[in-house]
Amino acid sequence: MRILIPFYSLYGHIYKMAGAVAEGVNEVEKCEAVLRRVPETLSPELIARMGAEKAQAEMAHIPVCTVPELAEANGIIFGTPTRFGNMCGQMRQFLDSTGGLWVKHSLVDKPAAVFTSSGTQHGGQESTILTFQTTLMHHGMIIVGLPNTFEGLGITSEVSGGSYYGASTIAGDDNSRWPSENELAGARFLGRRLATIAKKLNV
């Protein structure tokens, strides 16, 4: 069972969450997590001015995702940072290139989930995931969320990402906050849950 994890990460927060999602997927017998970056649209000069060169170098070993890989996967878990309450432009452009899959019904009945990050607690995590799911539903995919069987949704001892719609993390206004253990646990739970559902759908 091949579970694809296409993501975009500028400063590394979504990359960190993607790693935890992959750990959850790999905990499920006969399931393999496959990390992929979506194509970059920013120039190297702009990335340098934004101070993201180091993070980009750390992710450079991960192959860039191709559209056919989506059709080949048994399930897909997408990762994107928020941009004004929506997915980032890089992810939007990638999804906009999947019309050929839509015509062929290639993604119909595949389980799909979304995880995200935002600079602040109220930076649009839930709206990003919900608006992302609209595209997945147009493809006929089966939406997988993060239910309250993940007990980390109910904690009040810390400010934490995560909702019924998917896993998430808070990066901080200056991107200095990294995913907490609770947020990483939510990402692992989401990966494990989607992989389990994918197995059941492919019996």
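Engineer: I'm lost on the overall build of the protein chain in this one. Help?
Structural biologist: Within the protein chain, the regular secondary structure consists of 8 helices and 7 strands. Relative to the compact-globule value of 17 Å for 203 residues, the protein chain shows a C-alpha radius of gyration of 16 Å, a close match. Reported as C-alpha extents along the three principal axes, the dimensions of the protein chain are approximately 45 × 40 × 30 Å. When contacts within the protein chain are restricted to residue pairs at least 6 apart in sequence, long-range pairs at least 24 apart make up 78% of them.

Engineer: It is not clear to me how the pattern of salt bridges should be interpreted in this structure. Could you clarify?
Structural biologist: Oppositely charged side chains may form a pair once their charged atoms are brought near each other. The final tally for this structure, using the stated rule, is 7 salt bridges. We note a salt bridge from E27 to R192, for which the minimum N-O separation is 2.7 Å. Of the two residues, E27 sits in the loop between helix 1 (13-26) and strand 2 (32-37) while R192 sits in helix 8 (residues 181-201), which places them 165 residues apart along the sequence. Taking the relative accessible area as the measure of exposure, R192 reaches 28% and is therefore partly exposed. A salt bridge links E183 to R177; the nearest nitrogen and oxygen atoms lie 3.0 Å apart. Judged by its relative accessible area of 1%, E183 falls in the buried class. When salt bridges that share partners are traced, they join R2, R36 and E69 into one network.

Engineer: Can you walk me through a nonpolar patch on the surface in this structure?
Structural biologist: Taken together, the side chains of L130, Y164 and Y165 make up a nonpolar region of the molecular surface, amounting to roughly 290 Å² of accessible area. Summarising the element assignment, L130 is placed in helix 7 (residues 125-138).

Engineer: Which parts of the structure should I look at to understand helix 1?
Structural biologist: Because the α-helix completes a turn every 3.6 residues, residues three or four places apart line up on one side. In this model, helix 1 (14 residues) spans 20 Å end to end at C-alpha, consistent with the 20 Å of a helix rising 1.5 Å per residue. In this structure, the buried residues of helix 1 make contact with strand 1 (2-7), strand 2, strand 3 (75-83), strand 5 (111-118), strand 7 (167-170) and helix 8.

Engineer: I keep staring at the side chain of S168 and nothing clicks. Help me out?
Structural biologist: Mapping S168 onto the fold places it in strand 7. For S168, a relative accessible area of 3% puts it in the buried group. Looking at S168, its side chain comes within polar contact range of the main-chain nitrogen of G162, at 2.6 Å. Residues in contact with S168, not counting those within four places in the same chain, are M17, T116, Q125, G161, G162 and E183.

Engineer: In this structure, what is going on with the packing of helix 1 against helix 8? I would like to understand it.
Structural biologist: Two quantities define a packed helix pair, namely the angle between the axes and the distance from one axis to the other. With their axes 6 Å apart at the nearest point, helix 1 and helix 8 run at an angle of 45° to one another. Relative to helix 8, helix 1 is oriented oblique. By crossing handedness, the relation of helix 1 to helix 8 is classed as right-handed. Of helix 8, the residues touching helix 1 (which contributes K16, M17, A20, V21, E23, G24 and V25) are E183, L184, A187, R188, G191, R192 and A195. Here the residues of the contact of helix 1 with helix 8 are counted per class, giving 7 nonpolar, 2 polar and 5 charged.

Engineer: Would you explain the pairing of strand 5 in this entry?
Structural biologist: Burial analysis of strand 5 places 8 of its 8 residues in the buried class, the great majority of the element. Sheet topology note: the strand 3/strand 5 ladder contains 6 bridges and is parallel. Bridge pairing links P81 to S117 in strand 5. Direction of pairing for strand 5 relative to strand 6 (residues 142-143): parallel, over a ladder of 2 bridges. The residue of strand 6 that forms the bridge with A112 is I143.

The rules behind these values
- Residues numbered from 1 in each chain as written.
- Predicted model: local features only at pLDDT ≥ 70, side-chain atom pairs only at ≥ 80, totals over all residues.
- Heavy atoms only, no water.
- Helix = DSSP H or I, 4+ residues; strand = E, 2+ residues; numbered from the N terminus.
- Rg over C-alpha atoms; globule rule 2.2 N^0.38 Å.
- Contact = heavy atoms within 4.5 Å.
- Salt bridge = Lys/Arg side-chain N within 4 Å of Asp/Glu carboxyl O.
- Buried < 20%, exposed > 50% of the residue type's maximum accessible area, 1.4 Å probe, protein only.
- Patch = residues over 30% accessible without salt bridge, like charges linked within 9 Å, V, L, I, M, F, W, Y side chains within 5 Å.
- Areas by Shrake-Rupley, 256 points an atom, 1.4 Å probe, with all protein chains shown as cover.
- Expected span 1.5 Å × (residues − 1).
- Polar contact = N/O pair within 3.5 Å; in protein donor to acceptor, adjacent residues only side chain to side chain.
- Axes fitted to C-alpha atoms, helices over the stretch in contact; angles between N-to-C directions.
- Parallel < 35°, antiparallel > 145°, perpendicular 65-115°, else oblique.
- Left-handed = near helix turned anticlockwise from the far one by under 90°.
- Nonpolar A, V, L, I, M, F, W, Y, C, P; charged D, E, K, R; others polar.
- Pairing = 2+ DSSP bridges.

So, to be careful, I would describe these as geometric facts and stop short of saying anything about function.
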